[in-house]
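So you can see what is in the structure, the chains are spelled out below.
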Amino acid sequence: GFIAGVLSANQLKARTIIQSLEPLRPDEQVILIRAIAHSGLPEWQVMLAEIADKVPNRRVLVNRYLTGEAKRLMDLPLDNGATLDVLWGFYLATGSYEPVARIIMALPYAANRENVDTLVVGSMAKWTLANNASRDPALLDLYRVEITHSPEAIAKPLTEIINAVEIAETGAIKKEAFKAIEELKIKGPESKRNYAWASRIGSTTLALGCVVASALGQAQIGLPCVIGGALTSAAERYITAP
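The residue numbers shown here count from 1 along each chain, following its written sequence. Totals for whole chains, interfaces and linings use every residue, but because this is a predicted model, local features are given only for residues with pLDDT of at least 70 and side-chain atom pairs only at 80 or more, for both listing and counting. Water and hydrogen atoms were dropped before computing side-chain values, which therefore reflect all heavy atoms in the structure.

Q: Could you give me a rundown of the packing of helix H3 (residues 26-38) against helix H5 (residues 59-66), with the residues and numbers involved?
A: Every axis in this analysis is a line fitted to C-alpha atoms, fitted for helices over the stretch in contact. Angles between the N-to-C directions lie between 0 and 180 degrees. By the criteria applied, helices consist of DSSP H or I runs no shorter than four residues and strands consist of E runs no shorter than two, each listed in order from the N terminus. Running from N to C, H3 and H5 point in directions that differ by 10°, and their axes come no closer than 10 Å. By the angle between their axes, H3 is roughly parallel relative to H5. Here H3 contributes Val30, Ile33, Arg34, Ala37 and His38 to the contact with H5, which in turn contributes Leu61, Val62 and Tyr65. Note on residue categories: nonpolar means Ala, Val, Leu, Ile, Met, Phe, Trp, Tyr, Cys or Pro, charged means Asp, Glu, Lys or Arg, and polar means any other residue, Gly included. Each residue belonging to the contact of H3 with H5 can be placed in one class, and the counts come to six nonpolar, one polar and one charged. By definition in this entry, angles of less than 35 degrees are roughly parallel, angles greater than 145 are roughly antiparallel, angles of 65 to 115 are roughly perpendicular, and the rest are oblique. For this analysis, residues touch if any pair of their heavy atoms sits within 4.5 Å.

Here it is in structure tokens:
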């Protein structure tokens, strides 16, 4: 998501940026292919076709995007925590509010008490919206606008997020999430009782580490860092800290 945002924000330099990331390992090729598809650039399909010969082992994935079989950024399912990673990454690279508005749509999941997976995603959305707004006041203005035309299922948790940020108590949202998930784990089926939600929520971007460096204009640090996977371990240590 972050790399997609970098490409989107640097349309005239997109090809140069792509070339600067090569050569990539097979696993890293997947990241670049998805970044190009999610970038929203007018010529994203052309750019994807251009790198197809360089990633022969990923031809199937390339074709899935070119044929429309694979979903692009704003069509990714919100019930998957990885989608939040992609959306936050795009926001941090571009400052565009569209991906944040999409994340806000996942807030009703935070009230789910029937499915642990869904509750985890909703908790991730709620906590990251609060945590990032504590660092980025402009997000609060967006939240206030969204409240005016959102249904109660979204307006209520969004109001709670705003209040938590304004009184500097975003940690309460994290604690609330832990409590709700623990209660559901106890009541739910055995297969869910050892659900490693902390590591799932820990992999979300959270505006930490290398992404912060990139958002501040140090893209030469951020892109290799994101691709290298340093972000996940740093975020996981943060979310699981007392």
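Q: Describe the packing of aromatic side chains, with residues and values.
A: In this scheme Phe, Tyr and Trp rings, the latter by its six-membered ring, pair at centre separations within 6.5 Å, and the angle between planes marks the pair as stacked below 30 degrees, edge-to-face above 60, and tilted otherwise. The tally for this structure, following the rule as stated, stands at two aromatic pairs. Seen from their ring centres, Trp88 and Tyr91 are 5.8 Å apart, and the 75° between their planes marks the pair as edge-to-face. Placement of both Trp88 and Tyr91 in helix H6 (residues 81-94) is noted, with a separation of three residues, approximately one turn of the helix. Taken as a pair, Trp88 and Tyr91 share a single burial class, namely buried. Consider the rings of Tyr91 and Tyr97, whose centres lie 6.4 Å apart with planes at 20°: the pair is stacked. Exposure categories follow from relative accessible area, calculated using a 1.4 Å probe and restricted to protein chains: below 20% of the type maximum is buried, above 50% is exposed, and the middle band is partly exposed. Take Tyr97: its relative accessible area is 35%, and that puts it in the partly exposed class. Members of the aromatic cluster, joined through ring pairs, are Trp88, Tyr91 and Tyr97.

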